[in-house]
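Below are the chains, spelled out letter by letter.
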Amino acid sequence: MMPNYTPYHVHTELSLLDSCTNFKLYIDKAVEYGMKAICITEHGNTYKHIEKKMYCDKKGIKFLFGVECYLTETLAEKVRDNYHTILIARNSRGRAEIMNLIDISTQQSHMHYKNRISFDEFLNISDNVIKISACLASPLNKLSDDNPYLERLLKHYDYYEIQYHNDKNKEQSQFNQKLYQYSLKYNKPLIVGTDTHSINKYKAECRKILKKAKKMSYDDEDSYDLTFKSYDELVEMFKIQNSLPMDIILQAIENTNIMADSCEDYEIDTSIKYPKLTDNDEDVFVNRIYEKLKYKLDNNVIDKDIRYYTQIKEEIRVFKKLNMCSFMLFMSEMLSWCKDNSIPTCPCRGSVGGSTIAFILDITEVDPIKWGTIFSRFANEDREEVGDIDCDFAPYQQEIVQKYIMDRFGLDYACYILSIGTISDKGTIDDIGRALDYPISKVKEIKNLYDKNPELARKEYNELFYYFDGLIGTTVSQGFHPAGVVASPITLTDNYGTFWNGNNKIMQIDMEEVHECGLVKYIRT
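Source: prediction; values computed, not measured.

Things to note about the overall build of the protein
- A count of helices and strands for the protein gives 23 helices and 12 strands.
- Structurally, the protein occupies a C-alpha span of about 90 × 60 × 50 Å along its principal axes.
- Counting only residues that meet the buried cut, the protein has 56% of its 525 residues in that class.
- If you take every contact in the protein between residues at least 6 apart in sequence, the share linking residues at least 24 apart comes to 78%.
- Carbon and sulfur atoms make up 47% of the accessible area of the protein, which totals about 23700 Å².
- Here the protein contributes 65 positively and 80 negatively charged side chains, and the mean placements of these two sets differ by 3 Å.

Here we look at the sheet that holds strand β10 (residues 498-501)
- Read across the open sheet, the 5 strands follow the order β10-β11-β8-β9-β12; overall the sheet is mixed. At either margin of the open sheet sits one strand with a lone partner, and together these are β10 and β12 (520-522). The sheet shows a mean angle of 55° between the axes of neighbouring strands, taken without regard to direction.
- When strand β8 (residues 414-422) meets strand β9 (residues 475-487), the two strands line up antiparallel, connected through 8 bridges. In the sheet register, C415 faces β9, and the bridge partner there is V486.

A short note on the pairing of strand β2 (residues 62-72)
- Counting buried positions along β2 gives 11 out of 11 residues, so the element sits mostly inside the fold.
- Pairing geometry for strand β1 (residues 37-40) and β2, over 4 bridges, is parallel. Across the sheet, the residue bridging to A37 is K62, located in β2.
- Sheet analysis places β2 next to strand β3 (residues 83-89), joined by 6 bridges and oriented antiparallel. Bridge assignment links Y70 to a residue of β3, and that residue is H84.
- Across 3 bridges, the pairing between β2 and strand β4 (residues 116-118) is parallel. Following the sheet pairing, Y70 is matched in β4 by R116.

Describing the pattern of salt bridges
- Per the stated rule, a full pass over the model turns up 34 salt bridges.
- Across the salt bridge formed by D28 and K59, the nearest N and O atoms sit 3.8 Å from each other. Placement of D28 in helix α1 (residues 23-32) and of K59 in helix α2 (residues 49-59) is noted, with a sequence separation of 31 residues between them.
- Taking the relative accessible area as the measure of exposure, D28 reaches 29% and is therefore partly exposed.
- Across the pair R458 and D469 runs a salt bridge, and its minimum N-O distance is 2.9 Å. Here R458 is found in helix α19 (residues 454-460), whereas its partner D469 is found in helix α21 (residues 468-471), with 11 residues between them in sequence.
- Given the relative accessible area of 31%, R458 is considered partly exposed.
- The class of D469 is partly exposed, set by a relative accessible area of 47%.
- What emerges from the salt-bridge pattern is a single network uniting R349, D388, D390, D392 and K521.

A closer look at the side chain of S105
- If you trace the backbone, S105 turns up in helix α3 (residues 92-105).
- Owing to a relative accessible area of 5%, S105 belongs among the buried residues under this scheme.
- Setting aside its immediate chain neighbours within four residues, S105 contacts H110, M111, N115, R116 and I117.

Notes on the packing of α1 against α2
- The contact between α1 and α2 brings their axes to 10 Å, and the two run at 25°. With respect to α2, the axis of α1 lies roughly parallel. Crossing angle aside, the handedness with which α1 passes α2 is right-handed. Contact residues: α1 offers F23, K24, I27, D28 and V31, while α2 offers E51, K52, Y55, C56 and K59.
- Across the contact of α1 with α2, the residue classes break down as 5 nonpolar, no polar and 5 charged.

A word on the packing of helix α17 (residues 425-435) against helix α18 (residues 440-452)
- Their axes nearest at 10 Å, the elements α17 and α18 cross at an angle of 150°. Accordingly, the angle class assigned to the pair α17 and α18 is roughly antiparallel. The way α17 lies across α18 gives a crossing that is right-handed. Counting all contacts with α17, which are made through D425, K426, I429, D430 and G433, the residues of α18 involved are V443, I446, K447, Y450 and D451.
- When its residues are assigned to classes, the contact of α17 with α18 shows 4 nonpolar, 1 polar and 5 charged.

Brief notes about unusual backbone geometry
- Backbone geometry at N242 places phi at a positive 55°, although glycine is not the residue there.
- With respect to the secondary-structure elements, N242 resides in the loop between α9 (231-241) and α10 (246-261).
- With a phi close to 65°, D437 is a non-glycine residue in the positive phi region.
- By the element assignment, D437 lies in the loop between α17 and α18.
- Given a relative accessible area of 58%, D437 falls into the exposed group.

Section: the side chain of N91
- Tracing the backbone through its elements, the reader meets N91 in the loop between β3 and α3.
- Side-chain polar atoms of N91 contact the backbone nitrogen of G94, separated by 2.8 Å.

Considering the pairing of β8
- Pairing analysis gives 2 bridges linking β8 to strand β11 (residues 504-510), with the strands arranged parallel. Paired with Y416 across the strands is I506, a residue of β11.

Observations regarding the state of the cysteines
- Counted by the stated rule, this structure contains 0 disulfides.
- Lacking any disulfide linkage, C135 is separated from the closest cysteine sulfur, that of C69, by 11 Å.
- C135 gets classed as buried once you look at its relative accessible area, which sits at 9%.
- Between C391, a free cysteine, and C346, which holds the nearest cysteine sulfur, the sulfur-to-sulfur gap is 5.9 Å.
- Classification of C391 by relative accessible area gives buried; the value is 3%.

Thresholds applied
Residues numbered from 1 in each chain as written. Predicted model: local features only at pLDDT ≥ 70, side-chain atom pairs only at ≥ 80, totals over all residues. Heavy atoms only, no water. Helix = DSSP H or I, 4+ residues; strand = E, 2+ residues; numbered from the N terminus. Buried < 20%, exposed > 50% of the residue type's maximum accessible area, 1.4 Å probe, protein only. Contact = heavy atoms within 4.5 Å. Areas by Shrake-Rupley, 256 points an atom, 1.4 Å probe, with all protein chains shown as cover. Lys, Arg positive; Asp, Glu negative; His and termini not counted. Charge placed at Lys NZ, Arg CZ, Asp CG, Glu CD. Pairing = 2+ DSSP bridges. Axes fitted to C-alpha atoms, helices over the stretch in contact; angles between N-to-C directions. Salt bridge = Lys/Arg side-chain N within 4 Å of Asp/Glu carboxyl O. Parallel < 35°, antiparallel > 145°, perpendicular 65-115°, else oblique. Left-handed = near helix turned anticlockwise from the far one by under 90°. Nonpolar A, V, L, I, M, F, W, Y, C, P; charged D, E, K, R; others polar. Polar contact = N/O pair within 3.5 Å; in protein donor to acceptor, adjacent residues only side chain to side chain. Disulfide = S-S within 2.5 Å.

Printed below as a string of C-alpha cells:
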C-alpha cells in the first residue's frame, strides 16, 4: 500500500478573506490522491460543516470535524495576542464541545479583533477533543520560556505540529526543532500540518490579490507555499527544509493518519425535526382546531357544511402521521399573535391554501371548501420534506416577528440562519483593480466595457482578468438570512453550532443545510 497522509490543517474561502478556494476542490483533490480523510479547519468557525460532511460522504472520504481557534492568555485585559490552535473532535461529545466553545468565543466578553477562548478555557477542554499546537502563531512559539502557562499548555496538547515551510528567516525550521525537543521532554508525538490555504499556485496568486484588495497582511506569509500537497510533494518539501531527521518527519506524517483513525465517523441526522410547544402538541392542536371551527360557525364566518368536518378529520390524520401537528399549531399561534399586534401578512402563499385546517386556524384566509383548492399539494401521507409555509411581513416589522419566535422557544432552540456573502462580477473587478493600483476611472471603464462585451474586456485587460475566474464568487462575508428563523426541538449550539454577531445568535449552517437537516424555518420576508 502506497504511503499517504491526512490533511487536517486546511482553510477554505470560509476562513473569510484568507482563501479563495472552495472546499470541494480540496476534497476532490484528496480523493484523487487516495487520501482516506480530511479536516477543514476554518479560522474561528465551522461554517457549512454539514455540506462539507455530506460532500465527503458522497466522495467516499472521511470527514473530520475541526476548527482553528484563537487563544488569549487573559480575557480581563483586551490584549491582541490571539494565538492559534487546532481542535478536532474525536466523537459526538467532542463536536458538541467544540461547537459550544465557538459560541462562547464569539460572545462580546471574548471578542477582541477575533473570537477567542482563554488559556484557562482551553486547558479545560476534555479528551473528546484532539488539541494540536498549530502554526508559528501557536502559543508554543510565541510565549516566553518563563510564562507560567507554557508548561501547562505543553502538557495539554495531544500533538505538536511541525510544518514544511522554508521561510527566509528559518523561523519554521527553528520552531520544528524546538517542538521536537518538547516532544522528547513531554512524550508528545509530532504531527505534520500543512496550513493549506490554496488548492494550487493560481489560487494562491488570487488569494494574494484578495488580501491586498481588502488591505490584509500576515507578516511574510505570502512567501510561504501554502498550496495543497501530495504525499511525495510533502516529503520533498521537508527534505528541502532539512530541519529534522527524515525518520522523525515520516513518523510525524504517519501520525496524521493515526490521529484521523482515532476520530469516530458519524452520520448526519436528516430526520424532520418539528419543535415542541407543549407536553402534548397533538391534543392541543386538535382542541384548537375545533375551538376555532366553533367560533367561525357561531359568527357566520363559514356555513354549516359537513365537508368541513370530513376534511378536517382527514387532515388531522395526515398531520399526525407526518408529525406536523406542532408545526401547524405554532403557525396558528404566530399568525394570531401578529393579528392581535397589528402586524399584517399576506392572505396566503403557495400550496398551504389547500389546507382547510390552515384556514380554520387563521394561518391563511383561503377557504378550500369554498374555492376547491387541493390539500394533497400541501401535505400528503407520503411527504418526505419538512413543512414550509411562507409568510410575508413588512421589512420594518420582520425583526419584531423574528424576536417573537426566538422568545417563544428560547435562544437554545431558535435563532437566525447563516447567510454567506460572495463577490459579484463587478465587485471582483473592483477588488482586482484596487489590488493592482488601477485608478478608479480605469476600473469604471473596465466595468463598462465588461457590461457591453465581456470577451473584449478580457482581451484588452488580460492582466486584471487573469485573476477574475479565481476570485469571482468567493465568500467574503457572513451574516444572517432575512428569510427565516429556525426553531428546533433539540439544542442548536450543541448539534449544529452557533455564533454571535453582536446580540444576534446565528447558526453555523446556511438555509440549504437547514433544509437538509430536517430543521424548520419560520417566516419569509
